[in-house]
Structure formats: C-alpha cells, structure tokens
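# Results of the structural survey
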Amino acid sequence: MDDLYLTYAAYLQKKYGTKVYKLPVNLPVSCPHRDESPEGGGCIFCGVKGAAFENLANSLSVTEQIRTNMAFVRRKYKAQKFIAYFQTYTSTYLPVEKFKAFVEEACGQDIVSVAVSTRPDCIQEPYLDVLSALQAKYGVDIDIELGLQTTNEQTLQRLNRGHTLADFLDAARRVQQRGFTLCAHLILDLPWDTMEDVLNTARIVSGAEVDQVKLHSLYVVKGTALARMYQTGQVQLLTMEDYVARAVAFLGHLAPRIVIQRIIGRAPAEDTLIANWHTSWWKVRDLIEDTMRERGIIQGSLRAET
Ligand code: SF4
C-alpha cells in the first residue's frame, strides 16, 4: 500500500515489474440495457458514447487502435507493457464469435492483460470460456470490470440499472471461479444514497472479495435522462465536500487488499453539464488524500476488524 491506500500504479508496478498502461479499445457494440430492456433507455446517466470519452473511432480496427495508442503512450509515459481495455458500452453484448475475434486481435506483443467492461447480468459462460481459452493461449491476464455503482437496491432502481445486487454477486462469483481479476465500478455521491449506503457498499465489496474498485462522482452527461432531471430540478447533486467525505469514509471501511483503480473519474466538459464540480480530478484526489492525512485514516483503518 502507498501511505494512504493501495494505488493501481503501485499494484501494476509490483505485479509486472514495470510501468503498465491501459490502452482503450472502442468496439462497435451497444448495450442490451439500452436496446432491449423492458425498462428502456438504459441507465439514467448513460450518454451516447457509453463511457468512450477518450477513445479512438470504432471504425478503426482493434490493431490500428492499439498500435496508435501504444505509440503515443510509449512516447509520453515510457510505458513498456500494456492492458487492452474494452471499455465502451457492454463488450459481452457482441455475438460470442465476434467478441472472440476482437479480443484475440488485441492479444500480442507487450499486451500483458485484457480488461473487459460489462454489466453484471451480461456475464455468460461462453464469453468466460473464450477469455479462459485466450488466457491459456496467449498467457495474458484477464480483468473483468463490472458496473455496480451502489449496493442499495432502491437506488439501483432509480438509476434504471436493470440489475440487482444479487446479479452482481452472482457474476462476481463466476468471474472469480475463473481466476480472473474483478473490478467494481462505484459512484459514491449518488443523491439517493446515504453515507450508510456508501459504508455498506464498502463492506459488501470487501466481503465479496473483489480485487479492485473504480470510484466516480456522478456526472451529468448531456442528453441523458439524468440531464433532464437535473435541468428540471428533480435531482439535486451532492457537493464536492460530500464526495470527499464519502470517499474518505469508503476507503476507511474498505479491505486493505483491494486496489483502488481510480479515486475519482473524469469526463470532458463538452460532453457534460457538470462533472466533478467543474474542478480538475486531481484537485479532488488531493482533497481526499489531505483529509485522510488530517484525520489519520488509511484504507481499512475504520473497519471493525482488518
Ligand atoms: S449498463 Fe453501461 S452501457 Fe448499458 S446503459 Fe448502463 S451505463 Fe450505459
């Protein structure tokens, strides 16, 4: 652990012995929850880019995207090894053969891991079989990122997530049975959640033995159902101070072995009505870290037993 919490950079450096960077790959895929769900429309915060803010166009092949991003990251950060990151929408919504072809195209020189982002109710065994086979064939690690956002069932419904906490726990168990790394995406400042919900989420993901968490604030992306709610005053966002207080408490209640992939996310101003209170992500990170130092809190230090 660094002095306050277990950072992703430190974890990657220890695991691979060198600098490792994620290379986003943008696939031509959507999400069943946007296209097919009876609730319709997808999650209330989901924009048309499906989290692909910083990605290259999906008209480029996987190879072209990786080659371009790898050259840039090698030059800028002197990185040696890379993670191919299938981030957009729900990667496992692709037909399984297409999914296999895209992921296999990414496996190659200097790719040490494949990270696949998906929904808890979209983890079917044939896709896990494909990933197990590619792991065996290429010797890559497999990281699965599951959107959870909160463990409060009522808030999951308000977000129109279309899955339950039980769906997440079931998916987590099946991912872990394969020996893949599991990351949970969480939004800490959901206005319908209380501080107690945030602490429960820390306890539940710790108990479920997830390997990593990715923490975000609630962005209001233009054109979303959340944007309409925000503009008509149906939802009041929490403050940056609320986020900092929740992040500090969350980390204090989180198992010390869980890696923090991100302590705050980021989204471009042109795509959002508000993201991170119009403040740089690193300023929010610094506030969280300063508060932890002032209050003598480190990751896991507020748990009943660690
Ligand atoms: S599961 Fe992800 S991609 Fe699908 S609607 Fe929700 S946020 Fe968007």
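Note that the structure is a prediction, hence the values are computed from the model and not measured.

Right, let's talk about the pairing of strand β2 (residues 81-86) for a bit. Summarising burial for β2: five of the six residues are buried, a large majority. The pairing of strand β1 (residues 20-25) with β2 spans six bridges and is parallel. In the sheet register, Val25 faces β2, and the bridge partner there is Phe86. As defined by bridge partners, β2 adjoins strand β3 (residues 111-118) across five bridges and the pair is classed as parallel. Counted as the bridge partner of Phe86 is Val116 from β3. Handedness of the β-α-β unit built from β2, helix α4 (residues 96-106) and β3 comes out right-handed.

Moving on, we get to the sheet that holds strand β8 (residues 259-262). Pairing between the strands of a sheet comes from backbone hydrogen bonds, and it takes one of two forms, parallel or antiparallel. Overall, parallel pairing links the seven strands, which are arranged β1-β2-β3-β4-β5-β6-β8 in an open sheet. Only two strands of the sheet have a single neighbouring strand rather than two, namely β1 and β8. Direction aside, neighbouring strands of the sheet carry axes that sit 25° apart on average. Both strand β5 (residues 181-187) and strand β6 (residues 212-216) contribute to a ladder of five bridges, which runs parallel.

This paragraph deals with helix α10 (residues 240-252). In this model, α10 (13 residues) spans 18 Å end to end at C-alpha, consistent with the 18 Å of a helix rising 1.5 Å per residue. When α10 is considered as a whole, its buried residues turn out to be Tyr243, Val244, Arg246, Ala247, Val248, Ala249, Phe250, Leu251 and Gly252. Buried positions along α10 lie against α8 (195-207), β6 and α11 (281-295).

Moving on, we get to the site of the ligand. Around the ligand sit eleven residues, and of these Cys31, His33, Gly42, Cys43 and Cys46 come closest. Across the shell around the ligand, the residue classes break down as four nonpolar, five polar and two charged.

Right, let's get into the environment of Val235. Take Val235: it is sitting in the loop between α9 (225-231) and α10. A tally of 18 C-beta atoms within 10 Å means that Val235 is categorised as partly exposed. Contacts of Val235, omitting those with residues within four sequence positions, involve Pro191, Leu226, Met229 and Tyr230.

Contact geometry of α10 with α11 gives a least axis separation of 9 Å together with a crossing angle of 55°. Our classification of the angle between α10 and α11 gives oblique. Pair α10 / α11 crosses with right-handed handedness. Facing α10, whose interface residues are Met240, Tyr243, Val244, Ala247, Val248 and Leu251, α11 presents Val284, Leu287, Ile288, Thr291, Met292 and Arg295.

Now for unusual backbone geometry. The phi dihedral of Gln149 is positive, around 75°, even though this residue is not glycine. Taking the C-beta count within 10 Å as the criterion, Gln149 has 23 such neighbours and is therefore assigned buried.

What follows deals with α4. Taken as a whole, α4 has its buried residues at Phe99, Val103 and Ala106. Buried residues of α4, viewed axially, fall in a sector of 50°; they line one side. Seen from the buried face of α4, the exposed residues on the opposite side, beyond 90 degrees, are Glu97 and Lys98. Buried residues along α4 sit against β1, α3 (62-77), β2, β3 and α5 (125-138).

Our focus in this paragraph is the nonpolar core. The tendency in soluble globular proteins is for nonpolar side chains to be buried as a group. Among the nonpolar cores identified, the biggest contains 84 residues, and Val25, Ala84, Val213 and Ala247 are the most heavily contacted of them. Top contributing element to this core by residue count: α10, with seven residues. Residue contacts for Val213: discarding those within four places in its chain leaves Cys183, Ala184, Leu186, Val205, Ile258, Ile260 and Gln261.

Rules used throughout
- Residues numbered from 1 in each chain as written.
- Predicted model: local features only at pLDDT ≥ 70, side-chain atom pairs only at ≥ 80, totals over all residues.
- Buried ≥ 20, exposed ≤ 12 C-beta atoms within 10 Å, placed from the backbone.
- Helix = DSSP H or I, 4+ residues; strand = E, 2+ residues; numbered from the N terminus.
- Pairing = 2+ DSSP bridges.
- Right-handed = clockwise from strand over helix to strand, strands pointing away.
- Axes fitted to C-alpha atoms, helices over the stretch in contact; angles between N-to-C directions.
- Expected span 1.5 Å × (residues − 1).
- Contact = placed C-beta atoms within 7 Å.
- Near = placed C-beta within 6 Å.
- Nonpolar A, V, L, I, M, F, W, Y, C, P; charged D, E, K, R; others polar.
- Parallel < 35°, antiparallel > 145°, perpendicular 65-115°, else oblique.
- Left-handed = near helix turned anticlockwise from the far one by under 90°.
- Arc of directions from axis to C-beta.
- Core = buried A, V, L, I, M, F, W, Y, C linked by C-beta atoms within 7 Å.

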